[in-house]
Protein chains: 2
Amino acid sequence: MKRALLLLATAVMAVPASADGIVDNVNGIAPTADGKVVRFKALLIDQQGRVTRLVPPGEQPPKLSRRELKKNAGKPLYDWRIDMGGKTVLPGFIDAHGHVMGLGFGALSLDLSGARSLDEAKAMVAAYARANPNRKWVTGRGWNQEAWGLGRFPTAADLDSVVGDRAVWLERADGHAGWANTAAMREANVTAATASPAGGRIEKSGNAPSGVFVDAAMQLIERAVPKPLPKERDAAFLEAQQALLANGITAVADMGTTVDDWLSYRRMADIGAMRVRVMSYAAGVDTASQIGGKGPTPWLYDDRLRLGGVKIYLDGALGSRGAALKAPYADAAGEKGLSFLSDTQLQNQMSRAAMDNFQLAVHAIGDKANSQVLDAIQVLNATYGGDRRWRIEHAQIVDPNDLKSFGKYGTIASMQPTHQTGDRTMAEARLGPDRLNGAYAWKSVLDNGGKLAFGSDFPVEKPDPWAGWAAAFTRQDANGQPPGGWHPEEAVTREQAWWAFTGGAAYAGFAEKNFGNLAPGQKADFIVVDRDPLSVDAMGLRNIKVEQTWVGGEKVFDRAKGVKAPAQ
Amino acid sequence: MKRALLLLATAVMAVPASADGIVDNVNGIAPTADGKVVRFKALLIDQQGRVTRLVPPGEQPPKLSRRELKKNAGKPLYDWRIDMGGKTVLPGFIDAHGHVMGLGFGALSLDLSGARSLDEAKAMVAAYARANPNRKWVTGRGWNQEAWGLGRFPTAADLDSVVGDRAVWLERADGHAGWANTAAMREANVTAATASPAGGRIEKSGNAPSGVFVDAAMQLIERAVPKPLPKERDAAFLEAQQALLANGITAVADMGTTVDDWLSYRRMADIGAMRVRVMSYAAGVDTASQIGGKGPTPWLYDDRLRLGGVKIYLDGALGSRGAALKAPYADAAGEKGLSFLSDTQLQNQMSRAAMDNFQLAVHAIGDKANSQVLDAIQVLNATYGGDRRWRIEHAQIVDPNDLKSFGKYGTIASMQPTHQTGDRTMAEARLGPDRLNGAYAWKSVLDNGGKLAFGSDFPVEKPDPWAGWAAAFTRQDANGQPPGGWHPEEAVTREQAWWAFTGGAAYAGFAEKNFGNLAPGQKADFIVVDRDPLSVDAMGLRNIKVEQTWVGGEKVFDRAKGVKAPAQ
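Just so you know, these numbers come straight off a predicted model, no measurement behind them.

What follows concerns the overall build of chain A. Across its full length, chain A holds 19 helices and 22 strands. The C-alpha radius of gyration of chain A comes to 25 Å, within 12% of the 24 Å expected for a compact globule of 568 residues. C-alpha atoms of chain A, sized along the principal axes, occupy 85 × 55 × 55 Å. The buried share of chain A, taken over its 568 residues, is 55%. In chain A, the proportion of contacts linking residues at least 24 apart, taken out of those at least 6 apart, comes to 71%.

All names here are of chain A. Strand order across the open sheet formed by eight strands is S6-S13-S14-S15-S16-S17-S18-S19, with parallel pairing between neighbours. At either margin of the open sheet sits one strand with a lone partner, and together these are strand S6 (93-98) and strand S19 (451-454). Neighbouring strand axes in the sheet, compared pairwise and without regard to direction, differ in orientation by 25° on average. Two strands pair when backbone bridges link them, and strand S15 (residues 305-313) and strand S16 (residues 359-364) are joined in this way by five bridges, in the parallel orientation.

For the rest of this paragraph, the subject is the pairing of strand S8 (residues 137-143) of chain A. Residue and element names in this part refer to chain A. Most of S8 is tucked away, with six of its seven residues classed as buried. Across two bridges, the pairing between strand S7 (residues 110-111) and S8 is parallel. Bridging from a neighbouring strand, Leu110 pairs with Gly140 of S8. Two strands pair when backbone bridges link them, and S8 and strand S9 (residues 167-172) are joined in this way by six bridges, in the parallel orientation. When the bridges of S9 are listed, Trp137 appears paired with Ala167.

We now examine the sheet that holds strand S15 (residues 305-313) of chain B. Residues and elements named next belong to chain B. Strand order in the open sheet formed by eight strands is S6-S13-S14-S15-S16-S17-S18-S19, and the pairing between neighbours is parallel. Every other strand in the sheet has two partners, leaving strand S6 (93-98) and strand S19 (451-454) as the edge strands with one partner each. Taken pair by pair, the neighbouring strands of this sheet meet at an average axis angle of 25°, ignoring direction.

This part covers helix H9 (residues 230-246) of chain A. Helix length check: H9 of chain A, at 17 residues, gives a terminal C-alpha distance of 24 Å against a target of 24 Å (1.5 Å per residue), a fit within 8%. Burial within H9 of chain A is extensive, with 12 of its 17 residues counted as buried. By the burial criterion, the buried members of H9 of chain A are Pro230, Arg233, Asp234, Ala235, Ala236, Phe237, Leu238, Ala240, Gln241, Ala243, Leu244 and Leu245 of chain A. Next to the buried residues of H9 of chain A lie helix H3 (100-108), strand S13 (249-257), helix H10 (259-270), strand S21 (546-551) and strand S22 (554-558) of chain A together with helix H11 (285-292) of chain B. One or two positions beyond H9 of chain A, positive phi appears at Gly248 of chain A, with a value near 85°.

Residues and elements named next belong to chain B. Inspection of the secondary structure assignment puts Leu325 in the loop between S15 and helix H12 (343-355). The exposure class of Leu325 is buried, given the 25 C-beta atoms found within 10 Å. When the C-alpha positions of Leu325 and Tyr128 are compared, they lie 38 Å apart, and in sequence the two are 197 residues distant. Discounting residues that sit within four places of it in the chain, Leu325 has contacts with Lys336, Gly337, Gly366, Asp367 and Lys368.

Turning next to the nonpolar core. Counting residues in hydrophobic clusters, the biggest one holds 339 residues, and the most contacted among them are Leu43 and Val168 of chain A together with Leu43 and Val168 of chain B. With residues near it in sequence (within four places) discarded, Leu43 of chain B still touches Ile22, Val23, Val26, Gly28, Val51, Leu54, Val89, Leu518, Ala524 and Phe526 of chain B.

Using the residue numbers shown here, the UniProt feature "domain: Amidohydrolase" (unreviewed entry) corresponds to residues 82-557 of chain A. Across residues 82-557 of chain A, the secondary structure splits into 33% helix and 21% strand, with the terminal C-alpha atoms separated by 16 Å.

Residues and elements named next belong to chain B. Pairing geometry for strand S2 (residues 37-45) and strand S3 (residues 51-55), over four bridges, is antiparallel. Across the sheet, the residue bridging to Leu43 is Leu54, located in S3. Connecting S2 to the next strand, S3, in antiparallel fashion are five residues, including Gly49 with a positive phi near 80°.

Residue and element names in this part refer to chain B. In the contact formed by H12 and helix H13 (residues 367-383), the axes pass within 10 Å of each other and the chain directions differ by 50°. On the basis of the axis angle, H12 is oblique to H13. Seen from above, H12 lies across H13 with right-handed handedness. Here Asp343, Leu346, Gln347, Met350, Ser351 and Ala354 of H12 come into contact with H13, specifically with Gln372, Asp375, Ala376, Val379 and Leu380. Here the residues of the contact of H12 with H13 sort into six nonpolar, three polar and two charged.

What follows deals with helix H10 (residues 259-270) of chain B. Residues and elements named next belong to chain B. Taking 1.5 Å of rise per residue, 12 residues should cover 16 Å, and H10 covers 16 Å from first to last C-alpha, within 8% of that figure. In terms of burial, H10 is largely enclosed, as nine of its 12 residues are buried. Regarding H10, the residues found buried are Asp261, Trp262, Leu263, Ser264, Tyr265, Arg266, Arg267, Met268 and Asp270. Looking at the residues trailing H10, positive phi occurs at Gly272, about 80°.

Another point: the packing of helix H3 (residues 100-108) of chain B against helix H9 (residues 230-246) of chain B. Between two packed helices, both the angle of their axes relative to each other and the distance between the axes serve to describe the pair. All names here are of chain B. With their axes 7 Å apart at the nearest point, H3 and H9 run at an angle of 95° to one another. Considered as vectors, H3 and H9 are oriented roughly perpendicular to each other. Across the interface between the two elements, Val100, Met101, Leu103, Gly104, Phe105, Ala107 and Leu108 of H3 pack against Arg233, Ala235, Ala236, Phe237, Glu239, Ala240 and Ala243 of H9. When its residues are assigned to classes, the contact of H3 with H9 shows 11 nonpolar, one polar and two charged.

Take the confidence of the model for chain A next. Averaged over all residues, the pLDDT of chain A is 92; the fraction at 70 or higher stands at 92%. The ipTM for the predicted assembly is 0.85, set against a pTM of 0.87.

We now examine unusual backbone geometry. Glycine aside, residues mostly have negative phi angles, and peptide bonds mostly take the trans form. Residues and elements named next belong to chain A. The linkage connecting Gln481 with the following residue, Pro482, adopts the cis geometry, with an omega of -10°. Relative to the elements of secondary structure, Pro482 occurs in the loop between helix H16 (465-474) and helix H17 (494-500). Backbone geometry at Asn25 places phi at a positive 60°, although glycine is not the residue there. Following the sequence through the fold, Asn25 ends up in strand S1 (residues 21-31). One non-glycine residue, Arg389, lies in the positive phi region at around 50°. Residue placement: Arg389 occurs in the loop between helix H13 (367-383) and strand S17 (391-394).

Next up on the list: the environment of Leu374 of chain B. Here Leu374 of chain B lies in helix H13. The spatial distance from the C-alpha of Leu374 of chain B to the C-alpha of Leu118 of chain B is 40 Å, given a sequence separation of 256 residues.

Along the chain, the position of Asp447 of chain B falls in helix H15 (residues 442-447). C-beta crowding within 10 Å serves as the criterion here: with 15 such atoms nearby, Asp447 of chain B is assigned to the partly exposed category.

Cut-offs applied
Residues numbered from 1 in each chain as written. Chains lettered and ligands numbered in written order. Predicted model: local features only at pLDDT ≥ 70, side-chain atom pairs only at ≥ 80, totals over all residues. Helix = DSSP H or I, 4+ residues; strand = E, 2+ residues; numbered from the N terminus. Rg over C-alpha atoms; globule rule 2.2 N^0.38 Å. Buried ≥ 20, exposed ≤ 12 C-beta atoms within 10 Å, placed from the backbone. Contact = placed C-beta atoms within 7 Å. Pairing = 2+ DSSP bridges. Axes fitted to C-alpha atoms, helices over the stretch in contact; angles between N-to-C directions. Expected span 1.5 Å × (residues − 1). Core = buried A, V, L, I, M, F, W, Y, C linked by C-beta atoms within 7 Å. UniProt positions renumbered as here; feature names shortened; annotations may be inferred. Parallel < 35°, antiparallel > 145°, perpendicular 65-115°, else oblique. Left-handed = near helix turned anticlockwise from the far one by under 90°. Nonpolar A, V, L, I, M, F, W, Y, C, P; charged D, E, K, R; others polar. pLDDT = per-residue confidence, 0-100.

Quick look at the structure:
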């Protein structure tokens, strides 16, 4: 019946309603897959929010008179026009690896990432507790004892000295360890008798837990933290979205979506409050199945949400020595980190997901873990053919002998340039000077025929694509350190890095037909910025300001006007 | 921006695309809220699937020539026409109380409702087990030892004699008891030492469990039943939907939606496979909050899905003596049934839901439970004003002194006429002859100013609105029993009953502005049937066949052509 209606409708339809538009007078630049850029002076957008044409710099822009344009098959070329006054317009960034709800909850809880010492951190905890008297637990994240030069983990006693009457639970910057005060351990019933669980470690002070819980041991405390209410989840989502749009990020891969996260995304999208595009990877195979049923969901909400794959954790992080290494840590005799799954377990999980056509995104940081995934991909590829786009998340420390495997089976390295700049001294300590050849080896991935997708791993690092982009072609941090760049042989070009943060990240999410590239047919996701990113040095690039962010031909952030994503 | 686009679009738009249509040459009848009917010879539907006009019998139908109709503001009145050849067209039925996934799983598992004796039931179990060798558990429902005249509950030994090697678990027809074989009790670790939980009862044979588990005790076995896979849930939904549409039901109130149910509905709707409209009531307050966040969801998928409220169970059923009575059961000395919640607990739960604007639908079968809810409504109404539409589900046995309370605070009695015909001899046994004045008291509800919404409680009873409709004005079953009707003073009129199965059920779900009534502005949800339901007797009414079912102006079931809701 529906088809019949449509046919009939077509037969009698007049010229269809039209709200095509033009974003005119721009310094438009967009990267291409082959490491070049295209330039344009105007962008035509149709009423579905899709790009219909980039007007090249040399071409006369379409005339504005509607009468003249009627000769275009009786249809005006556009119905609205915005003159950008020569401003620079770029594709929206895509962050290929982030944690949307983590970013939002982080924004609503205590952020310790700015603390430069244990004392500063303690002062921040005390101030936050005073400012939030009704929160049952003080929760937060972002501490990094390495950055403080503390030479040890912090302790429960450190926290007790500022908050003794309420539980305090603070995640480390990398998310792989947590720091509790005595009240939190008491509420969680953790005592000297509590054993470290498999895949985790309780730090000790003598016999007693010292207050820091690594990887799987974090659960011992986390299970006692009051669960956020659904409305708090929604508030967190909106908070995260606002931060992303303000940074020029128009789409993200959400790594580890839970059912509650998913329900929150849907609530917000159902009321039209979802602006950013979310490529969702479920927290484990069971969750993927619970949400998606027998496979990925369709693109929902006009390409704003899709559950496409599964995130699987294979090891921990380098900072907490949870990353699984082939040889012991240089700074911890005998310790080799933790692989959460045996080869068989990993392959079984991947197989279960691949069987239902879910994409695989496996977290692997250490060289041992990366070997495991690469081997698993080889095994699985024999059974599960077609366009699978196996993803390795982080791929931080890779045995140089394994790098060539990234060119096989369409494997994608989903990497975070700011991890390199943030981790480099820690990585040197953990690995020693002789095992850094396959570390953060972006160029080697490309040289071996692999594909790169870049992200930030927010909230582990800031959701700041400019910092990631600058790091990617300089191997230097925000202070220009180290001179000449850290292992500069692994830098990629400015254009390659840009692609990995746009079209490459879309490809990694099976979204390249929908968005990620300002080409005809794609969603008009773009940003207006205050400087040309190809005409400034790396430091200038880091300081570029996003003035406007557009998603699907609609302005969703405007720094000047304070346009925000709508509250509920 | 969007608004600006729309305004511009409007300014330049030609005549909008149109696929209005007419369902012509019908014997159209629809009930009204005041117990009358309207008749129409044609139905005009717009391209959004809404009714724009009912053409009354006396009026010349709109001419067919497009040229002539152009004078209608330059717009033809319709673009497609279907001549129904004088067939009877009625609004789609709305079932105000059902269990969608239960219906679907029931259709996929063993249906014992046709068994007329224990021996027949045993033969059906044996046949099903043979036919389904790969199912780990044999599950099913629909047995009723009362209907068998067994004089006792069946036992595990009865089942063991036909299936000994696999677990068997069969729900009673009313869903308030389950029947396990020995293998099921073994897998569930239920032994003679297992105590009956609060709100439930393990039937005993000597010291040992006999095999039947009542109300909360059912959980002891159910927790061992393998959970269905998401794809099995989706198959169950489609199965249920097909059964509903084939019965002429275009919308249902789903009483007790779980998160997994919700995810299944969304999966099916996301791929366009949801045809029937689902007014969802979450299984408890936490689930409502988990799905809806800080309140009901909007209408989704073109008015096909909305979470609007919360289902709360207050007592059990009459058959299993779980209904909470003020005085003991007539046939079980000292037993008064079970109220699952104290007054305070009930009011707290209702308050939590009402605070977030979720509608309340409280299951109450016994007169004690009904008193409790009515009291709670009075208490809550003082705090939560506005249009709350407090629902009591079943309201089967009401103390005559409480009947007047149904006229207060906009309380809705959501009742199931076929429960009266199915339960009457059992109700007489349970209550004795002197406590039946407030039993299934539909007319008293109306006379006291209360509102009625009718349903079937599928799969407890068949999702057959014709049976419910016929029972409602005759108080007789399919065999015309008892002569003159059972307590005929509580019959409602044919038209009142029809309204309770259409507009009344929509009102009870806050859907009366969307559907439920074939009036302009409402969704065009209608059925084509083989006989005029006002020109046949009750037996004729029960035998009416639904030939076509339309939802939102789209044909979704056609008996002749075997049109089915699309499989995934």
